[in-house]
Amino acid sequence: MKVFQQLNLNDAATKLLDKNLPGEFHLSGRDDRRFETFADCEIVFGNVPLDWALKSPSLRWLQLESVGVDPYVDHLGAFSEKNVTITNLHGFFGQQVAETALAGILALKRGVDKTVRLQAKGVWQGASLRYELTMLHRSRVLILGSGSIAQALKKMLAGFDAEVLLFARNPERADLTTREQLDKELSNTDIVVACLPENAGTRELFDRNRLGLLPPEALFVNVGRGSLVDETALVELLQTKRLGGAVLDVTKNEPLPAEHPFWQLPNVLLTQHCGGGTRDELPRKVEFFLDNLQRFRNGESLFGVVGR
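The following refers to the structure shown. The structure displayed is predicted, hence computed values, not measured ones.

**Some words on the overall build of the protein**
Along its length, the protein carries 12 helices and 11 strands. Taking 2.2 N^0.38 as the reference for a compact globule, 308 residues should give roughly 19 Å; the C-alpha atoms of the protein span a radius of gyration of 22 Å, in line with that estimate. In terms of overall dimensions, the protein has C-alpha extents of about 65 × 45 × 35 Å along its principal axes. Residue pairs in contact within the protein that sit at least 24 positions apart in sequence constitute 64% of those at least 6 positions apart.

**Concerning the packing of aromatic side chains**
The tally for this structure, following the rule as stated, stands at 13 aromatic pairs. With 6.3 Å between their ring centres and 70 degrees between their planes, F4 and W52 make a pair best called edge-to-face. Separated by 48 residues along the polypeptide, F4 in strand β1 (residues 2-5) and W52 in helix α3 (residues 50-55) bring together distant segments of the chain. You'll find F4 and W52 in the same group, each marked buried. Of the residues examined, W52 reaches a relative accessible area of 15% and is grouped as buried. Pairwise contacts between aromatic rings join F4, F35, F38 and W52 into one cluster. Across from the ring centre of F35, 5.0 Å away, lies the NZ or CZ of K55, which sits over that ring. Directly above the aromatic system of F92 lies the positively charged group of R284, at a separation of 4.1 Å from the ring centroid.

**Let's talk about the sheet that holds β1**
Read from one edge of the open sheet, 5 strands run β2-β1-β3-β4-β5, paired in parallel fashion. The sheet terminates laterally at β2 (26-28) and β5 (85-87), the two strands that pair on one side only. Averaged over all pairs of adjacent strands, the angle between strand axes in this sheet comes to 20 degrees, irrespective of strand direction.

**Description of the layout of surface pockets**
Estimated volume of the second largest pocket: approximately 500 Å³. Considering the residues around the second largest pocket, the lining is formed by 21 residues, among which L108, K114, E217, L219 and G244 are closest to the centre. Broken down by secondary-structure element, the contributors of at least two residues to the lining of the second largest pocket are α5 (94-109) and α6 (112-121). Within the lining of the second largest pocket, the residues separate by chemical class into 8 nonpolar, 5 polar and 8 charged.

**Some words on the sheet that holds strand β8 (residues 191-194)**
Here we have 6 strands laid out as an open sheet, ordered β7-β6-β8-β9-β10-β11, and parallel in their pairing. Unpaired on one side and paired on the other, β7 (163-167) and β11 (268-270) mark the two borders of the sheet. Strand-to-strand, the axes of this sheet are offset by a mean angle of 15 degrees, without reference to chain direction. Relative to the sheet, helix α9 (residues 179-186) contacts β6 (140-144), β7 and β8, its axis offset from that of β6 by approximately 155 degrees.

**What to know about unusual backbone geometry**
Residue D70 is joined to P71 through a cis peptide bond whose omega torsion reads 10 degrees. Looking along the chain, the bond that leaves E254 and enters P255 is cis, with omega of 0 degrees. With respect to the helices and strands, the residue P255 is situated in the loop between β10 (245-248) and β11. If you check the backbone angles, E204 has positive phi at about 50 degrees while not being a glycine. Relative to the helices and strands, E204 resides in the loop between β8 and α10 (208-211). For E204, a relative accessible area of 33% corresponds to the partly exposed category.

Rules and cut-offs
- Residues numbered from 1 in each chain as written.
- Predicted model: local features only at pLDDT ≥ 70, side-chain atom pairs only at ≥ 80, totals over all residues.
- Heavy atoms only, no water.
- Helix = DSSP H or I, 4+ residues; strand = E, 2+ residues; numbered from the N terminus.
- Rg over C-alpha atoms; globule rule 2.2 N^0.38 Å.
- Contact = heavy atoms within 4.5 Å.
- Phe/Tyr/Trp six-rings, centres within 6.5 Å; stacked < 30°, edge-to-face > 60°.
- Buried < 20%, exposed > 50% of the residue type's maximum accessible area, 1.4 Å probe, protein only.
- Lys NZ or Arg CZ within 6 Å of the ring centre and 35° of its normal.
- Pairing = 2+ DSSP bridges.
- Axes fitted to C-alpha atoms, helices over the stretch in contact; angles between N-to-C directions.
- 1 Å grid on protein atoms, 1.4 Å probe; cavity = no way out; pocket = protein on both sides within 12 Å on 5 of 7 lines; lining within 4 Å.
- Points joined across faces, edges and corners; volume = space filled by probe spheres on them.
- Nonpolar A, V, L, I, M, F, W, Y, C, P; charged D, E, K, R; others polar.

The following block contains the structure:
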């Protein structure tokens, strides 16, 4: 059986994959990523182009290197008809992304963003800066999502005595489940943290009207998908100080265009979609794939199946 490797691995991850790939599986794609090579493989490790996946005559299982399922999410029915299983890295980035969100919140609350810019200019502002700072302690935080990122962040925020509400579809995992409930809470919210995936129900969930419900001092944090927010409206609210600040790990267009206002706004932190990164990320992805491959060999249910 042939495995097509789409993602770029470092030396440590490559050695781990080569050492542990079962003998009956043959690796392709590392040096030849043509469609003809891909089309002969039953298993894919990495995010291949959507049209390749849809056209493949051999594909049985696609192991994504991401939690996000776009652009495949709108075609799950087609993959189901072809008996193709898609798995993502469910839960893989929860702790890392939660730490990034927390770091960004603390940076804005405690003025670290401002002192870093002052340090680069060699300017000592001192006492006057002190009286601009705010605290995370006892803040009211609304987290959009109830998965691994949301759960990890909720646990961290407990140490700050924060009041945390979760918004999601599942009433067993969330405090708020409808948009009406969400809107009712926004005017009393200090921080919104978006951890939602991209789908038809989340695209521009935070449009101009919903953003406008937040208090002027509120922070908006997006570590989910850039499609969740109306970026034009977000820019306007930040420019006119009708919103306190934003921490953005994701944007609609990545890389973010050089002319985009986000680059210049002083109350915005851009973490450049690195929120889930760690030094050992690639070897850990290989380990995740190898564990799932063992399940595949044994005829067991795969971990992270999308659409279930």
